[in-house]
Amino acid sequence: MSDSTVTTTEAKGAEPTLAQRTTADLIKAAVSGWLGTALEFMDFQLYSLAAALVFKDIFFGHGSQAIAIMSAMAVYGVGYVARPIGAWYFGRLGDRIGRTKVLFITIAIMGCATTLIGALPTYDQVGLLAPALLVLLRLAQGFGAGAEIAGSSVLLAEYAPKKHRGIVSAFTALGTNSGTLFAGLIWAILLGWLGNDAVVNWGWRIPFLGSVIVMAVAVFIRIHLKETPVYETSVEETIAGYDKPLDKDAEKARKEAEKKAAAEIAKTPRSLKAFLVACVLRFGQCGNSGMVQTYLITFLTANLLVSKSVASNVVVYSSLVGFLTVPFIGWLGDRFGREHMYKVVTIIGLILIVPCFLLMVNNLGTDTTLEQTATGMVPHFSNPTLLFFIGYIVMHNVTVLSFFSLENITMAECFGSAHRYEQLALAKEIPNLITGGFGPLVAAALVAVFNSWIALAVLMAFYTICTLIAAVVMPEVSGRDLTVREDAM
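Counting of residues starts from 1 at the beginning of each chain's written sequence and follows it residue by residue. Predicted model: local features are reported for residues with pLDDT of at least 70 only, side-chain atom pairs are reported and counted for 80 or more only, and whole-chain, interface and lining totals are derived from all residues. Hydrogens are left out, water is left out, and the side-chain values use all remaining heavy atoms of the structure.

Draft legend 1. Broad picture of the overall build of the protein chain. A count of helices and strands for the protein chain gives 18 helices and 2 strands. Relative accessibility thresholds used throughout: buried, under 20% of the residue-type maximum; exposed, over 50%; partly exposed, between the two (1.4 Å probe, protein chains only). Counting only residues that meet the buried cut, the protein chain has 60% of its 489 residues in that class. The contact rule is simple, with two residues in contact once any of their heavy atoms fall within 4.5 Å. By sequence separation, contacts in the protein chain at least 24 residues apart represent 82% of the contacts at least 6 residues apart. When the accessible surface of the protein chain is summed, it comes to about 18,300 Å², and 68% of that surface belongs to carbon and sulfur atoms. Only runs of H or I of at least four residues qualify as helices and only runs of E of at least two qualify as strands under DSSP, and these elements are numbered from the N terminus. Areas reported here follow the Shrake-Rupley algorithm with a probe of radius 1.4 Å; residue values treat only the protein chains shown as occluding.

Below, the structure written as C-alpha coordinates:
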(Lines give C-alpha, C1' and ligand atoms only; values in the text may rest on other atoms or scores of the structure.)
Protein backbone atom coordinates (compact mmCIF):
# COMPACT_ATOMS: atom_id res chain seq x y z
CA MET A 1 0.00 0.00 0.00
CA SER A 2 1.44 3.37 -1.02
CA ASP A 3 1.86 6.12 1.53
CA SER A 4 -0.09 8.47 -0.65
CA THR A 5 -2.55 6.47 -2.73
CA VAL A 6 -4.68 3.36 -2.39
CA THR A 7 -6.05 1.61 -5.46
CA THR A 8 -8.86 -0.77 -4.55
CA THR A 9 -8.40 -3.10 -7.44
CA GLU A 10 -5.61 -4.27 -9.62
CA ALA A 11 -5.60 -4.11 -13.40
CA LYS A 12 -6.12 -7.79 -13.93
CA GLY A 13 -7.88 -9.28 -16.90
CA ALA A 14 -11.10 -7.44 -17.65
CA GLU A 15 -11.35 -5.83 -14.25
CA PRO A 16 -11.76 -2.04 -14.44
CA THR A 17 -9.33 0.37 -12.86
CA LEU A 18 -11.24 1.90 -9.98
CA ALA A 19 -11.24 5.48 -8.82
CA GLN A 20 -8.26 6.07 -6.59
CA ARG A 21 -8.43 7.05 -2.94
CA THR A 22 -5.65 8.30 -0.71
CA THR A 23 -4.49 6.40 2.33
CA ALA A 24 -6.19 9.11 4.38
CA ASP A 25 -9.48 8.31 2.61
CA LEU A 26 -9.11 4.63 3.47
CA ILE A 27 -8.34 5.44 7.10
CA LYS A 28 -11.33 7.77 7.28
CA ALA A 29 -13.59 5.06 5.84
CA ALA A 30 -12.23 2.51 8.32
CA VAL A 31 -12.78 4.84 11.27
CA SER A 32 -16.26 5.71 10.00
CA GLY A 33 -17.23 2.04 9.74
CA TRP A 34 -15.66 1.29 13.11
CA LEU A 35 -17.42 4.15 14.94
CA GLY A 36 -20.83 3.46 13.42
CA THR A 37 -20.68 -0.22 14.27
CA ALA A 38 -19.29 0.63 17.72
CA LEU A 39 -22.30 2.84 18.39
CA GLU A 40 -24.71 0.15 17.19
CA PHE A 41 -23.17 -2.52 19.38
CA MET A 42 -22.73 -0.16 22.30
CA ASP A 43 -26.50 0.24 22.15
CA PHE A 44 -26.80 -3.54 21.79
CA GLN A 45 -24.66 -4.22 24.84
CA LEU A 46 -25.91 -1.26 26.88
CA TYR A 47 -29.44 -2.53 26.54
CA SER A 48 -28.62 -6.21 27.04
CA LEU A 49 -26.64 -5.48 30.19
CA ALA A 50 -29.24 -2.98 31.37
CA ALA A 51 -31.98 -5.54 30.75
CA ALA A 52 -30.10 -8.11 32.83
CA LEU A 53 -28.95 -5.77 35.59
CA VAL A 54 -31.44 -2.88 35.80
CA PHE A 55 -34.35 -2.71 33.33
CA LYS A 56 -35.98 -5.87 34.60
CA ASP A 57 -36.46 -4.01 37.90
CA ILE A 58 -37.14 -0.37 36.91
CA PHE A 59 -39.35 -0.95 33.83
CA PHE A 60 -40.81 -4.41 34.50
CA GLY A 61 -40.20 -4.96 38.21
CA HIS A 62 -43.83 -5.33 39.35
CA GLY A 63 -44.18 -9.09 39.00
CA SER A 64 -42.18 -12.29 39.31
CA GLN A 65 -38.47 -12.26 38.48
CA ALA A 66 -38.98 -14.65 35.56
CA ILE A 67 -41.74 -12.48 34.03
CA ALA A 68 -39.65 -9.33 34.50
CA ILE A 69 -36.68 -10.90 32.70
CA MET A 70 -38.84 -12.17 29.85
CA SER A 71 -40.47 -8.72 29.49
CA ALA A 72 -37.08 -7.00 29.31
CA MET A 73 -35.89 -9.51 26.68
CA ALA A 74 -39.13 -9.09 24.71
CA VAL A 75 -38.59 -5.31 24.46
CA TYR A 76 -35.00 -6.04 23.45
CA GLY A 77 -36.41 -8.19 20.65
CA VAL A 78 -38.84 -5.48 19.51
CA GLY A 79 -35.93 -3.45 18.18
CA TYR A 80 -35.16 -6.31 15.81
CA VAL A 81 -38.63 -6.14 14.27
CA ALA A 82 -37.80 -2.75 12.73
CA ARG A 83 -34.35 -3.78 11.54
CA PRO A 84 -35.41 -5.69 8.39
CA ILE A 85 -37.63 -2.73 7.44
CA GLY A 86 -34.68 -0.37 7.85
CA ALA A 87 -32.46 -2.82 5.97
CA TRP A 88 -34.85 -2.90 3.01
CA TYR A 89 -35.51 0.85 2.92
CA PHE A 90 -31.98 2.14 3.47
CA GLY A 91 -30.36 -0.74 1.57
CA ARG A 92 -32.28 0.12 -1.61
CA LEU A 93 -31.50 3.78 -1.05
CA GLY A 94 -27.80 3.02 -0.62
CA ASP A 95 -27.69 1.12 -3.92
CA ARG A 96 -29.35 4.06 -5.71
CA ILE A 97 -27.85 7.22 -4.21
CA GLY A 98 -24.60 5.95 -2.68
CA ARG A 99 -23.26 4.31 0.47
CA THR A 100 -22.02 7.37 2.35
CA LYS A 101 -25.22 9.43 2.11
CA VAL A 102 -27.26 6.64 3.65
CA LEU A 103 -24.71 5.93 6.37
CA PHE A 104 -24.99 9.55 7.51
CA ILE A 105 -28.76 9.13 7.98
CA THR A 106 -28.62 5.78 9.75
CA ILE A 107 -26.04 6.88 12.34
CA ALA A 108 -28.10 9.97 13.20
CA ILE A 109 -31.33 8.02 13.71
CA MET A 110 -29.68 5.29 15.73
CA GLY A 111 -27.65 7.65 17.89
CA CYS A 112 -30.55 9.94 18.78
CA ALA A 113 -32.75 7.01 19.84
CA THR A 114 -29.99 5.53 22.01
CA THR A 115 -29.40 8.86 23.74
CA LEU A 116 -33.10 9.44 24.43
CA ILE A 117 -33.39 6.10 26.28
CA GLY A 118 -31.27 7.73 28.98
CA ALA A 119 -33.96 10.37 29.50
CA LEU A 120 -36.90 7.96 29.90
CA PRO A 121 -39.07 7.97 33.03
CA THR A 122 -39.36 4.72 35.00
CA TYR A 123 -42.40 2.55 35.70
CA ASP A 124 -42.70 3.98 39.21
CA GLN A 125 -42.88 7.50 37.75
CA VAL A 126 -45.34 7.12 34.84
CA GLY A 127 -46.56 3.51 34.93
CA LEU A 128 -47.08 1.69 31.63
CA LEU A 129 -46.03 4.75 29.63
CA ALA A 130 -42.42 3.99 30.58
CA PRO A 131 -42.14 0.59 28.85
CA ALA A 132 -44.25 1.96 25.97
CA LEU A 133 -41.74 4.75 25.34
CA LEU A 134 -38.91 2.24 25.63
CA VAL A 135 -40.56 0.14 22.92
CA LEU A 136 -40.89 3.21 20.66
CA LEU A 137 -37.22 4.11 21.00
CA ARG A 138 -36.17 0.49 20.44
CA LEU A 139 -38.14 0.56 17.18
CA ALA A 140 -36.35 3.76 16.11
CA GLN A 141 -32.98 2.23 17.01
CA GLY A 142 -33.79 -0.86 14.98
CA PHE A 143 -34.93 1.13 11.94
CA GLY A 144 -31.62 3.00 11.78
CA ALA A 145 -29.45 0.05 12.79
CA GLY A 146 -31.00 -2.20 10.15
CA ALA A 147 -28.71 -0.79 7.47
CA GLU A 148 -25.86 0.53 9.62
CA ILE A 149 -23.67 -2.54 10.02
CA ALA A 150 -24.43 -3.67 6.45
CA GLY A 151 -23.46 -0.23 5.20
CA SER A 152 -20.21 -0.34 7.14
CA SER A 153 -19.47 -3.78 5.70
CA VAL A 154 -20.12 -2.61 2.14
CA LEU A 155 -18.16 0.59 2.69
CA LEU A 156 -14.99 -1.15 3.85
CA ALA A 157 -15.25 -4.02 1.37
CA GLU A 158 -15.51 -1.53 -1.52
CA TYR A 159 -12.70 0.65 -0.18
CA ALA A 160 -10.20 -2.08 0.75
CA PRO A 161 -7.35 -3.38 -1.45
CA LYS A 162 -8.33 -6.78 -2.84
CA LYS A 163 -5.64 -8.78 -1.06
CA HIS A 164 -6.40 -7.17 2.30
CA ARG A 165 -10.18 -7.04 2.31
CA GLY A 166 -10.51 -9.44 5.21
CA ILE A 167 -8.30 -7.57 7.62
CA VAL A 168 -9.59 -4.11 6.56
CA SER A 169 -13.21 -5.26 6.83
CA ALA A 170 -12.36 -6.56 10.29
CA PHE A 171 -12.68 -2.94 11.43
CA THR A 172 -16.44 -3.43 11.27
CA ALA A 173 -16.16 -6.40 13.60
CA LEU A 174 -13.75 -4.43 15.79
CA GLY A 175 -16.47 -1.79 15.99
CA THR A 176 -18.81 -4.36 17.49
CA ASN A 177 -16.09 -5.38 19.90
CA SER A 178 -15.35 -1.77 20.80
CA GLY A 179 -19.01 -1.07 21.48
CA THR A 180 -19.33 -4.21 23.59
CA LEU A 181 -16.15 -3.36 25.49
CA PHE A 182 -17.14 0.25 26.05
CA ALA A 183 -20.60 -0.70 27.30
CA GLY A 184 -19.29 -3.45 29.56
CA LEU A 185 -16.56 -1.16 30.90
CA ILE A 186 -19.08 1.58 31.64
CA TRP A 187 -21.31 -0.81 33.57
CA ALA A 188 -18.35 -2.21 35.49
CA ILE A 189 -17.22 1.31 36.47
CA LEU A 190 -20.74 2.41 37.41
CA LEU A 191 -21.37 -0.64 39.59
CA GLY A 192 -17.98 -0.34 41.26
CA TRP A 193 -18.16 3.43 41.77
CA LEU A 194 -21.82 4.10 42.50
CA GLY A 195 -22.99 0.75 43.83
CA ASN A 196 -26.14 -1.20 42.90
CA ASP A 197 -28.68 1.16 44.51
CA ALA A 198 -27.39 4.32 42.81
CA VAL A 199 -27.13 2.57 39.43
CA VAL A 200 -30.73 1.36 39.67
CA ASN A 201 -31.95 4.78 40.83
CA TRP A 202 -30.19 7.06 38.30
CA GLY A 203 -26.73 5.84 37.27
CA TRP A 204 -28.08 3.65 34.46
CA ARG A 205 -28.88 6.81 32.48
CA ILE A 206 -25.23 7.89 32.14
CA PRO A 207 -24.09 5.46 29.39
CA PHE A 208 -27.14 6.11 27.22
CA LEU A 209 -26.86 9.89 27.47
CA GLY A 210 -23.10 9.72 26.94
CA SER A 211 -23.49 7.84 23.66
CA VAL A 212 -24.25 11.18 21.99
CA ILE A 213 -20.48 11.85 21.95
CA VAL A 214 -19.78 8.78 19.79
CA MET A 215 -22.65 9.72 17.48
CA ALA A 216 -21.34 13.29 17.04
CA VAL A 217 -17.83 12.11 16.08
CA ALA A 218 -19.21 9.52 13.62
CA VAL A 219 -21.55 12.06 11.99
CA PHE A 220 -18.70 14.55 11.58
CA ILE A 221 -16.48 11.97 9.86
CA ARG A 222 -19.24 10.78 7.54
CA ILE A 223 -20.04 14.30 6.39
CA HIS A 224 -16.54 14.46 4.91
CA LEU A 225 -16.33 10.88 3.61
CA LYS A 226 -15.92 10.24 -0.13
CA GLU A 227 -18.09 7.68 -1.93
CA THR A 228 -16.64 4.17 -2.34
CA PRO A 229 -14.53 3.61 -5.48
CA VAL A 230 -16.60 0.56 -6.47
CA TYR A 231 -19.91 2.44 -6.39
CA GLU A 232 -18.44 5.47 -8.10
CA THR A 233 -16.92 3.35 -10.87
CA SER A 234 -20.19 1.47 -11.39
CA VAL A 235 -22.08 4.72 -11.90
CA GLU A 236 -19.33 6.31 -14.01
CA GLU A 237 -19.22 3.34 -16.39
CA THR A 238 -22.97 3.59 -16.91
CA ILE A 239 -22.97 7.32 -17.62
CA ALA A 240 -19.80 7.28 -19.75
CA GLY A 241 -19.69 10.29 -21.99
CA TYR A 242 -20.66 12.82 -19.40
CA ASP A 243 -17.67 14.78 -18.23
CA LYS A 244 -17.34 16.70 -15.00
CA PRO A 245 -20.02 19.42 -15.18
CA LEU A 246 -18.79 22.89 -16.09
CA ASP A 247 -22.08 24.77 -15.93
CA LYS A 248 -25.64 24.38 -14.67
CA ASP A 249 -26.90 22.71 -17.86
CA ALA A 250 -24.14 20.11 -17.78
CA GLU A 251 -24.75 19.49 -14.09
CA LYS A 252 -28.46 18.97 -14.72
CA ALA A 253 -27.70 16.57 -17.56
CA ARG A 254 -25.33 14.60 -15.34
CA LYS A 255 -27.92 14.26 -12.58
CA GLU A 256 -30.44 12.96 -15.10
CA ALA A 257 -27.84 10.50 -16.37
CA GLU A 258 -27.14 9.32 -12.83
CA LYS A 259 -30.85 8.62 -12.31
CA LYS A 260 -30.98 6.62 -15.54
CA ALA A 261 -27.82 4.77 -14.52
CA ALA A 262 -29.34 3.83 -11.17
CA ALA A 263 -32.48 2.57 -12.90
CA GLU A 264 -30.40 0.51 -15.34
CA ILE A 265 -28.26 -0.98 -12.59
CA ALA A 266 -31.40 -1.84 -10.58
CA LYS A 267 -32.56 -4.12 -13.41
CA THR A 268 -29.72 -6.55 -12.66
CA PRO A 269 -31.27 -9.85 -11.46
CA ARG A 270 -30.71 -11.08 -7.91
CA SER A 271 -29.58 -14.62 -7.04
CA LEU A 272 -31.82 -16.46 -4.55
CA LYS A 273 -29.03 -18.96 -3.84
CA ALA A 274 -26.56 -16.23 -2.91
CA PHE A 275 -29.13 -14.62 -0.63
CA LEU A 276 -30.03 -17.88 1.13
CA VAL A 277 -26.38 -18.85 1.63
CA ALA A 278 -25.65 -15.43 3.13
CA CYS A 279 -28.69 -15.71 5.43
CA VAL A 280 -27.65 -19.12 6.73
CA LEU A 281 -24.04 -17.97 7.19
CA ARG A 282 -25.45 -15.21 9.37
CA PHE A 283 -27.41 -17.61 11.61
CA GLY A 284 -24.37 -18.78 13.55
CA GLN A 285 -22.99 -15.37 14.40
CA CYS A 286 -26.19 -13.53 15.35
CA GLY A 287 -27.73 -16.55 17.07
CA ASN A 288 -24.64 -17.20 19.19
CA SER A 289 -24.28 -13.48 19.86
CA GLY A 290 -27.80 -13.35 21.25
CA MET A 291 -26.96 -16.26 23.53
CA VAL A 292 -23.46 -15.24 24.69
CA GLN A 293 -23.68 -11.44 24.78
CA THR A 294 -27.30 -11.03 25.81
CA TYR A 295 -29.12 -13.89 27.48
CA LEU A 296 -26.09 -15.60 29.04
CA ILE A 297 -25.40 -12.46 31.12
CA THR A 298 -28.94 -12.68 32.51
CA PHE A 299 -28.58 -16.44 33.08
CA LEU A 300 -25.32 -15.95 34.98
CA THR A 301 -26.79 -13.35 37.34
CA ALA A 302 -30.33 -14.69 37.76
CA ASN A 303 -29.85 -18.48 37.58
CA LEU A 304 -26.23 -19.15 38.51
CA LEU A 305 -26.23 -16.23 40.98
CA VAL A 306 -23.04 -14.68 39.66
CA SER A 307 -22.39 -11.15 40.95
CA LYS A 308 -23.47 -8.33 38.62
CA SER A 309 -19.98 -6.85 38.71
CA VAL A 310 -18.47 -10.20 37.67
CA ALA A 311 -20.98 -10.50 34.80
CA SER A 312 -20.04 -7.07 33.46
CA ASN A 313 -16.30 -7.62 33.99
CA VAL A 314 -16.23 -10.87 32.03
CA VAL A 315 -17.67 -9.01 29.02
CA VAL A 316 -14.87 -6.45 29.29
CA TYR A 317 -12.13 -9.08 29.49
CA SER A 318 -13.53 -11.06 26.57
CA SER A 319 -13.85 -7.93 24.42
CA LEU A 320 -10.22 -7.06 25.10
CA VAL A 321 -9.16 -10.50 23.86
CA GLY A 322 -11.35 -9.87 20.82
CA PHE A 323 -9.07 -7.08 19.66
CA LEU A 324 -6.57 -9.83 18.84
CA THR A 325 -9.06 -12.44 17.63
CA VAL A 326 -10.92 -10.31 15.07
CA PRO A 327 -7.99 -9.03 12.95
CA PHE A 328 -6.23 -12.40 13.22
CA ILE A 329 -9.24 -14.25 11.79
CA GLY A 330 -9.64 -11.56 9.12
CA TRP A 331 -5.99 -12.05 8.13
CA LEU A 332 -6.45 -15.83 8.00
CA GLY A 333 -9.44 -15.31 5.71
CA ASP A 334 -7.25 -13.31 3.33
CA ARG A 335 -4.52 -15.94 3.57
CA PHE A 336 -6.52 -19.17 3.23
CA GLY A 337 -9.91 -18.09 1.85
CA ARG A 338 -13.31 -17.40 3.41
CA GLU A 339 -14.86 -20.81 2.73
CA HIS A 340 -12.00 -22.75 4.33
CA MET A 341 -11.82 -20.54 7.42
CA TYR A 342 -15.58 -20.72 7.95
CA LYS A 343 -15.38 -24.51 8.05
CA VAL A 344 -12.49 -24.41 10.52
CA VAL A 345 -14.04 -21.97 13.00
CA THR A 346 -17.50 -23.58 12.94
CA ILE A 347 -16.11 -27.06 13.65
CA ILE A 348 -13.94 -25.70 16.47
CA GLY A 349 -16.95 -23.84 17.84
CA LEU A 350 -19.10 -26.98 17.87
CA ILE A 351 -16.41 -28.85 19.76
CA LEU A 352 -15.97 -26.14 22.40
CA ILE A 353 -19.56 -25.12 23.28
CA VAL A 354 -20.21 -27.73 25.96
CA PRO A 355 -16.72 -27.60 27.52
CA CYS A 356 -17.00 -23.82 27.82
CA PHE A 357 -20.36 -24.06 29.59
CA LEU A 358 -18.94 -26.66 31.96
CA LEU A 359 -16.00 -24.38 32.77
CA MET A 360 -18.46 -21.64 33.74
CA VAL A 361 -21.03 -23.58 35.75
CA ASN A 362 -18.45 -25.67 37.63
CA ASN A 363 -16.13 -22.82 38.63
CA LEU A 364 -18.32 -20.23 40.32
CA GLY A 365 -16.12 -20.07 43.41
CA THR A 366 -17.30 -19.95 47.03
CA ASP A 367 -17.22 -16.27 48.03
CA THR A 368 -20.66 -14.61 48.04
CA THR A 369 -22.01 -11.09 48.57
CA LEU A 370 -25.58 -9.85 49.06
CA GLU A 371 -27.11 -8.02 46.10
CA GLN A 372 -30.46 -6.30 45.76
CA THR A 373 -32.97 -7.93 43.38
CA ALA A 374 -36.69 -7.54 42.80
CA THR A 375 -37.26 -10.27 45.41
CA GLY A 376 -34.95 -8.77 48.06
CA MET A 377 -31.34 -9.30 49.13
CA VAL A 378 -29.90 -12.43 47.49
CA PRO A 379 -26.38 -13.92 47.85
CA HIS A 380 -24.36 -13.93 44.61
CA PHE A 381 -21.00 -15.49 43.74
CA SER A 382 -18.49 -12.65 43.69
CA ASN A 383 -15.18 -14.41 43.01
CA PRO A 384 -15.34 -17.14 40.33
CA THR A 385 -12.14 -18.96 39.46
CA LEU A 386 -10.00 -18.22 36.41
CA LEU A 387 -11.56 -21.19 34.59
CA PHE A 388 -14.96 -19.45 34.72
CA PHE A 389 -13.54 -16.46 32.83
CA ILE A 390 -11.70 -18.71 30.36
CA GLY A 391 -14.95 -20.52 29.55
CA TYR A 392 -16.80 -17.32 28.68
CA ILE A 393 -13.89 -15.70 26.83
CA VAL A 394 -13.22 -18.73 24.63
CA MET A 395 -16.91 -19.21 23.83
CA HIS A 396 -17.39 -15.53 22.96
CA ASN A 397 -14.28 -15.24 20.81
CA VAL A 398 -14.72 -18.51 18.91
CA THR A 399 -18.49 -18.71 18.37
CA VAL A 400 -19.26 -14.98 18.00
CA LEU A 401 -16.26 -12.78 17.17
CA SER A 402 -14.51 -15.22 14.81
CA PHE A 403 -17.71 -15.71 12.83
CA PHE A 404 -18.28 -11.98 12.66
CA SER A 405 -14.77 -11.24 11.45
CA LEU A 406 -15.37 -13.52 8.45
CA GLU A 407 -19.01 -12.63 7.92
CA ASN A 408 -18.80 -8.98 6.87
CA ILE A 409 -16.41 -9.39 3.96
CA THR A 410 -17.75 -12.81 2.91
CA MET A 411 -21.32 -11.57 2.58
CA ALA A 412 -20.18 -8.47 0.71
CA GLU A 413 -18.27 -10.65 -1.78
CA CYS A 414 -21.29 -12.93 -2.24
CA PHE A 415 -23.31 -10.11 -3.81
CA GLY A 416 -22.85 -8.06 -6.97
CA SER A 417 -22.47 -4.29 -6.96
CA ALA A 418 -26.02 -3.70 -8.27
CA HIS A 419 -27.84 -4.81 -5.10
CA ARG A 420 -25.00 -5.36 -2.62
CA TYR A 421 -26.19 -2.95 0.06
CA GLU A 422 -29.84 -4.04 0.03
CA GLN A 423 -29.14 -7.78 -0.22
CA LEU A 424 -26.43 -7.73 2.44
CA ALA A 425 -28.59 -5.69 4.80
CA LEU A 426 -31.57 -8.04 4.43
CA ALA A 427 -29.35 -11.13 4.68
CA LYS A 428 -28.06 -9.79 7.98
CA GLU A 429 -31.30 -8.57 9.50
CA ILE A 430 -33.78 -11.33 8.65
CA PRO A 431 -31.74 -13.99 10.50
CA ASN A 432 -30.97 -11.37 13.14
CA LEU A 433 -34.69 -10.91 13.77
CA ILE A 434 -35.20 -14.64 14.20
CA THR A 435 -32.12 -15.55 16.24
CA GLY A 436 -30.77 -12.34 17.75
CA GLY A 437 -34.08 -10.63 18.41
CA PHE A 438 -36.17 -13.45 19.80
CA GLY A 439 -33.54 -16.09 20.48
CA PRO A 440 -32.92 -14.67 23.98
CA LEU A 441 -36.67 -14.74 24.66
CA VAL A 442 -36.85 -18.39 23.58
CA ALA A 443 -33.82 -19.13 25.74
CA ALA A 444 -35.45 -17.40 28.73
CA ALA A 445 -38.60 -19.48 28.26
CA LEU A 446 -36.63 -22.75 27.98
CA VAL A 447 -34.56 -21.95 31.06
CA ALA A 448 -37.73 -21.08 32.99
CA VAL A 449 -39.00 -24.59 32.18
CA PHE A 450 -35.80 -26.68 32.47
CA ASN A 451 -33.61 -24.44 34.69
CA SER A 452 -30.48 -25.71 32.91
CA TRP A 453 -27.70 -24.38 30.69
CA ILE A 454 -28.09 -27.38 28.39
CA ALA A 455 -30.91 -25.63 26.49
CA LEU A 456 -28.55 -22.75 25.70
CA ALA A 457 -25.83 -25.14 24.49
CA VAL A 458 -28.30 -26.92 22.19
CA LEU A 459 -29.45 -23.61 20.67
CA MET A 460 -25.87 -22.52 20.07
CA ALA A 461 -24.98 -25.86 18.48
CA PHE A 462 -27.96 -25.52 16.12
CA TYR A 463 -26.96 -22.01 15.04
CA THR A 464 -23.35 -23.09 14.48
CA ILE A 465 -24.36 -26.12 12.40
CA CYS A 466 -26.43 -23.84 10.15
CA THR A 467 -23.36 -21.75 9.40
CA LEU A 468 -21.27 -24.87 8.76
CA ILE A 469 -23.84 -26.10 6.21
CA ALA A 470 -23.72 -22.74 4.40
CA ALA A 471 -19.92 -22.85 4.35
CA VAL A 472 -20.04 -26.29 2.68
CA VAL A 473 -22.50 -25.06 0.02
CA MET A 474 -20.91 -21.70 -0.82
CA PRO A 475 -18.13 -21.21 -3.42
CA GLU A 476 -14.88 -19.45 -2.57
CA VAL A 477 -15.50 -15.71 -3.00
CA SER A 478 -12.23 -14.29 -1.67
CA GLY A 479 -10.72 -11.73 -4.03
CA ARG A 480 -13.79 -11.49 -6.25
CA ASP A 481 -14.13 -8.43 -8.52
CA LEU A 482 -16.60 -6.29 -6.58
CA THR A 483 -17.53 -4.15 -9.59
CA VAL A 484 -19.34 -7.11 -11.21
CA ARG A 485 -23.07 -6.39 -10.98
CA GLU A 486 -24.21 -10.01 -10.73
CA ASP A 487 -24.10 -12.11 -7.53
CA ALA A 488 -21.39 -14.72 -7.01
CA MET A 489 -23.62 -17.83 -7.23
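So much for the structure itself; the text now carries on.
Draft legend 2. Spotlight on helix α7 (residues 165–194). Taking 1.5 Å of rise per residue, 30 residues should cover 44 Å, and α7 covers 43 Å from first to last C-alpha, within 8% of that figure. Bending is quantified residue by residue as the angle between axes fitted to the seven-residue window ending at that residue and the seven-residue window starting at it. Along α7, the sharpest change in direction is near 30 degrees and occurs at T172. Counting buried residues along α7, 22 of its 30 residues qualify, which places the element largely inside the surrounding structure. At the exit of α7 stands G195, carrying a positive phi of roughly 90 degrees. For a helix, the expected span equals 1.5 Å multiplied by the residue count minus one.

Draft legend 3. Main features of unusual backbone geometry. In this structure, L305 takes a positive phi of about 60 degrees despite not being glycine. In this fold, L305 is placed in the loop between α12 (272–302) and α13 (308–336). Phi is positive for N451, close to 50 degrees, though the residue is something other than glycine. Looking at the element boundaries, N451 is found in the loop between α17 (439–450) and α18 (454–473).

Draft legend 4. Main features of a nonpolar patch on the surface. Only residues whose relative accessible area exceeds 30% and that form no salt bridge enter a patch; like-charged residues are grouped when within 9 Å of one another, and nonpolar side chains (Val, Leu, Ile, Met, Phe, Trp, Tyr) when within 5 Å. Should a side-chain nitrogen of Lys or Arg be within 4 Å of a carboxyl oxygen of Asp or Glu, the pair is scored as a salt bridge. On the surface, I465, I469, V472 and V473 cluster together to form a nonpolar patch covering roughly 350 Å² of accessible area. Tracing the backbone shows V472 in helix α18. Take V472: its relative accessible area is 53%, and that puts it in the exposed class.

Draft legend 5. Structural view of the nonpolar core. Take the buried Ala, Val, Leu, Ile, Met, Phe, Trp, Tyr and Cys residues and link them wherever side-chain atoms come within 4.5 Å; each set so joined is a nonpolar core. Formed by 46 residues in total, the largest nonpolar core has its most connected members in F415, L424 and A427. Setting aside its immediate chain neighbours within four residues, F415 contacts A274, F275, A278, R420, Q423, L424, A427, R480, E486 and D487. The next biggest cluster of nonpolar side chains, apart from the first, holds 44 residues, and it includes M360, L364, F389 and M460.

Draft legend 6. Broad picture of the packing of aromatic side chains. For Phe, Tyr and Trp, where Trp contributes only its six-membered ring, two rings pair if their centres lie within 6.5 Å, and the inter-plane angle classes them as stacked under 30 degrees, edge-to-face over 60, or tilted in between. Scanning all chains against the criterion turns up 10 aromatic pairs. Ring geometry for F357 versus W453: centroids 5.4 Å apart, planes at 15 degrees, classification stacked. Separated by 96 residues along the polypeptide, F357 in helix α14 (residues 338–361) and W453 in the loop between α17 and α18 bring together distant segments of the chain. Under the relative-accessibility criterion, F357 is labelled buried at 2%. The class for W453 is buried, based on a relative accessible area of 17%.

Draft legend 7. Layout of the pattern of salt bridges. Tallied over the entire structure, the rule returns 13 salt bridges. Measuring nitrogen to oxygen at the nearest pair gives 2.6 Å for the salt bridge that ties R83 to E429. Remark: E429 occurs in helix α16 (residues 420–437) and R83 occurs in helix α2 (residues 65–97); sequence separation between them is 346 residues. Accessibility expressed as a relative area gives 7% for R83, which makes it buried. For E429, a relative accessible area of 0% puts it in the buried group. Between R338 and E413 there is a salt bridge; the shortest N-O distance is 3.0 Å. With R338 in helix α14 and E413 in helix α15 (residues 386–414), the pair connects residues that are 75 residues apart, well separated along the chain. You can call E413 buried: its relative accessible area is 0%. A single network of salt bridges, built from pairs that share partners, joins D95, R99, E158 and R420.

Draft legend 8. Structural detail: the environment of A147. Position of A147 among the secondary structure elements: in the loop between α5 (129–145) and α6 (148–159). Taking the C-alpha atoms as reference, A147 lies 8.9 Å from L424; in sequence the two are 277 residues apart. Look past the residues within four positions of A147 in its chain and what remains in contact with it is G86, A87, F90, G91, L103, T106 and Y421.

Draft legend 9. Region of interest: the packing of α14 against α18. Only the stretch in contact is used when a helix axis is fitted, and all axes are lines through C-alpha atoms; the angle between N-to-C directions ranges over 0 to 180 degrees. Closest axis-to-axis distance for the α14/α18 pair is 9 Å, and the angle between their directions is 170 degrees. As judged from the angle between their axes, α14 and α18 are roughly antiparallel. Classified by chirality, the crossing of α18 by α14 is left-handed. Touching E339, Y342, K343, T346, I347, L350, I353, V354 and F357 of α14 are L456, A457, M460, A461, T464, I465, T467, L468, A471 and V472, all from α18. Working rule for angles: under 35 degrees goes down as roughly parallel, over 145 as roughly antiparallel, 65 to 115 as roughly perpendicular, anything else as oblique. We call a crossing left-handed when the near helix sits turned anticlockwise from the far one by less than a right angle, and right-handed when that turn is clockwise.

Draft legend 10. How the structure looks around the confidence of the model for the protein chain. Across the protein chain, the average pLDDT comes to 83, with 87% of residues at or above 70. The predictor reports its confidence for every residue as pLDDT, a score running from 0 up to 100. Here residues 1–13 scores under 50 on pLDDT; set against residues more than four positions off or in separate chains, the count is 37 contacts.

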